[in-house]
Structure formats: C-alpha cells, structure tokens
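Structural description and commentary
As a plain string of letters, each chain reads:
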Amino acid sequence: ETTVTQSPMFLSAAPGHTVNITCKATEDIDDDLNWYQQKAGGLVVLLIREATTVVSATPPRFRGSGHGFDFTLTIQPLQPEDAADYFCLQHDGFPQTFGQGTRVEVK
Amino acid sequence: EVHLEQSGAEFKKPGESLQISCKGSGYNFAIYWIAWVRQMPGKGLEWMGIIYPDDSDARYTPSFRGQVTFSVDKSVSTAYLQWTSLKVSDTAKYYCARGLDADSWGQGTPVIVSS
C-alpha cells in the first residue's frame with residue numbers, strides 16, 4: 001500500500017503571504033495525486049488533479065507541483081477565505097490513500 | 001453538472017443496522033466508480049473502498065473489509081453503504097465521491113452511534 005505523508009499539520013500565515021503544503025509518497029506515483037479543500041468539516045472540493053492541473057473553479061492563486069514522490073500545494077497570495085483543511089490523495093492504485101491533512105489559519 | 005446527493009443524518013444505537021445512500025446525477029452513473037470515505041470526528045479522511053455501478057464490482061480497503069458492505073442500484077443511480085451491527089466507533093461523517101480519483105463529492109452523511 002502506498003502511503004503519503006503530509007506536512008505541516010498546521011500552519012498560520014497572514015493574508016498576502018505564500019504557503020506551501022507538501023505530500024511525500026512512499027512509492028513513485030507519477031502524477032497521480034490530487035489536492036482538496038475542506039471548510040469547517042463540510043464539503044470537500046477538488047482543487048488540483050494530476051499533481052498540477054488546476055480544476056476550472058479553483059482560483060489561480062492555487063498551484064500544484066511535483067512528480068513521482070514529492071508534491072507541493074502552493075497558495076500565493078493567501079486570502080482570508082482560504083482558511084480550511086487541505087488534503088492530498090494518491091490515486092496511483094488501490095487502495096487510494098489520503099495525507100493526514102493540513103489546517104491553514106489566516107491571521 | 002455532476003452532483004452526488006447523500007441521505008440525511010442518522011442517529012442509531014449500537015447493534016442496529018443502517019444503510020445510507022448516494023445518488024448521482026449529471027453524468028453516466030454506471031461507468032464511474034463510487035468511492036466511500038470516512039471522516040471520524042476531528043480527524044482526517046480515510047478511503048474505505050470503491051464500487052463499480054455497472055457490474056457491482058466492490059473492493060474494500062483492508063481495515064474496512066467485513067465491517068461494511070457496498071451495494072448499488074444503477075437503475076436509480078444510487079450507491080449504498082451498509083452496516084449490519086453498528087458500533088459506537090462507527091460514529092463519523094461518511095462521504096461518497098465519484099471515480100478512482102474522487103473528482104466530485106457528496107455533502108456527507110453524519111452517522112452518530114450512541115446508547
């Protein structure tokens with residue numbers, strides 16, 4: 001089973017700053033990684049698919065990078081409405097696995 | 001537009017059975033896997049498994065095998081998650097999502113199990 005380690009678990013930054021969240025896979029997963037946003041334990045929304053493809057409804061300040069083992073979600077510039085939990089999901093094979101999640105606080 | 005509509009919150013006692021549902025619309029329901037995801041209170045997301053509506057092929061993540069059952073009725077574009085005997089530890093929010101890469105999600109169904 002491929003697992004992903006996500007970090008940090010929590011981060012706090014002011015509006016306008018740049019934040020980075022990383023996921024590291026235990027096996028080469030090519031670009032089979034998605035990023036999601038979840039606000040207040042509610043709806044889960046796909047932000048980025050296949051590591052770097054921003055889905056149509058995602059604001060352009062969200063960017064995904066990486067391939068193989070190491071992946072990064074960048075939010076630049078951070079906005080107050082970006083306060084949420086963020087998760088990565090590797091979908092290279094079954095079972096798919098999530099990262100542990102990152103809570104982003106906007107000061 | 002792709003939409004997954006889940007059934008409402010459930011309040012159950014330990015030992016009771018339960019089935020929750022996930023109805024897809026806006027796409028060809030039969031040819032996209034449906035995934036089930038658990039989120040326990042204050043915790044992250046856990047991939048429970050998948051089911052393929054066209055032939056009901058179901059695959060369970062090892063930690064969930066034998067604990068739950070997936071089923072589907074493609075005639076009404078609905079997938080189901082079932083328990084035969086709930087435990088307090090089943091208290092969580094359960095999401096369905098479309099596809100092996102979970103590109104669209106339902107709103108989640110809270111399940112509270114308490115005596």
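Just so you know, these numbers come straight off a predicted model, no measurement behind them.

Our focus in this paragraph is the side chain of His91 of chain A. Structurally, His91 of chain A can be placed in the loop between β9 (84–90) and β10 (97–98). By relative accessible area, His91 of chain A is classed as buried at 11%. Within the structure, the side chain of His91 of chain A is placed 3.1 Å from the side chain of Asn34 of chain A, a separation counted as a polar contact. In this view, His91 of chain A contacts Asp32, Leu33, Asn34, Glu50 and Gln96 of chain A together with Leu100 and Asp101 of chain B; residues no more than four positions away in its chain are not counted.

All right, on to the sheet that holds strand β8 (residues 78–83) of chain B then. All names here are of chain B. The sheet built from 4 strands is open, its strands ordered β1-β3-β8-β7 with antiparallel pairing. Of all strands in the sheet, those bounded by a partner on one side alone are β1 (3–6) and β7 (69–73). Averaged over all pairs of adjacent strands, the angle between their axes in this sheet comes to 20 degrees, without regard to strand direction. Examined bridge by bridge, strand β3 (residues 18–25) and β8 share 6 bridges and lie antiparallel to one another. Pairing of Ser21 across the sheet is with Tyr80, part of β8.

Turning to the pattern of salt bridges, a few remarks are in order. Under the definition given, this model contains 10 salt bridges over all chains. Between Asp103 of chain B and Arg49 of chain A there is a salt bridge, and its shortest N-O distance comes to 3.7 Å. Within this pair, whereas Asp103 of chain B is found in the loop between β9 (92–98) and β10 (104–105), its partner Arg49 of chain A is found in strand β5 (residues 44–49), the two belonging to separate chains. Taking the relative accessible area as the measure of exposure, Asp103 of chain B reaches 18% and is therefore buried. For Arg49 of chain A, a relative accessible area of 26% corresponds to the partly exposed category. For Glu81 of chain A, the salt bridge goes to Arg61 of chain A, with nearest N and O atoms at 3.5 Å. With a gap of 20 residues between them, Glu81 of chain A in the loop between β8 (70–75) and β9 and Arg61 of chain A in the loop between β6 (53–54) and β7 (62–67) connect regions that are remote in the sequence. Here Glu81 of chain A falls in the partly exposed class, since its relative accessible area comes to 41%. Linked through salt bridges whose partners overlap, the residues forming this network are Arg49 of chain A together with Arg98, Asp101 and Asp103 of chain B.

A covalent bond between the sulfur atoms of two cysteines is referred to as a disulfide. For the coordinates displayed, the defined rule picks out 2 disulfides over all chains. The residue that forms a disulfide with Cys23 of chain A is Cys88 of chain A, at a sulfur-sulfur distance of 1.9 Å. Note on the Cys23 of chain A and Cys88 of chain A pair: the S-S dihedral is about -95 degrees, so by sign convention the disulfide is left-handed. One end of the pair, Cys23 of chain A, is in strand β3 (residues 19–25); the other, Cys88 of chain A, is in strand β9, and 65 residues separate them in sequence. Two residues share a disulfide in this structure: Cys22 of chain B and Cys96 of chain B, whose sulfurs sit 2.0 Å from each other. Disulfide Cys22 of chain B to Cys96 of chain B: torsion about the S-S bond roughly 80 degrees, handedness right-handed. Residue Cys22 of chain B is located in strand β3, and its partner Cys96 of chain B is located in strand β9; the two are separated by 74 residues in the primary sequence.

Cut-offs applied
Residues numbered from 1 in each chain as written. Chains lettered and ligands numbered in written order. Predicted model: local features only at pLDDT ≥ 70, side-chain atom pairs only at ≥ 80, totals over all residues. Heavy atoms only, no water. Helix = DSSP H or I, 4+ residues; strand = E, 2+ residues; numbered from the N terminus. Buried < 20%, exposed > 50% of the residue type's maximum accessible area, 1.4 Å probe, protein only. Polar contact = N/O pair within 3.5 Å; in protein donor to acceptor, adjacent residues only side chain to side chain. Contact = heavy atoms within 4.5 Å. Pairing = 2+ DSSP bridges. Axes fitted to C-alpha atoms, helices over the stretch in contact; angles between N-to-C directions. Salt bridge = Lys/Arg side-chain N within 4 Å of Asp/Glu carboxyl O. Disulfide = S-S within 2.5 Å.

By themselves these figures say nothing about function.
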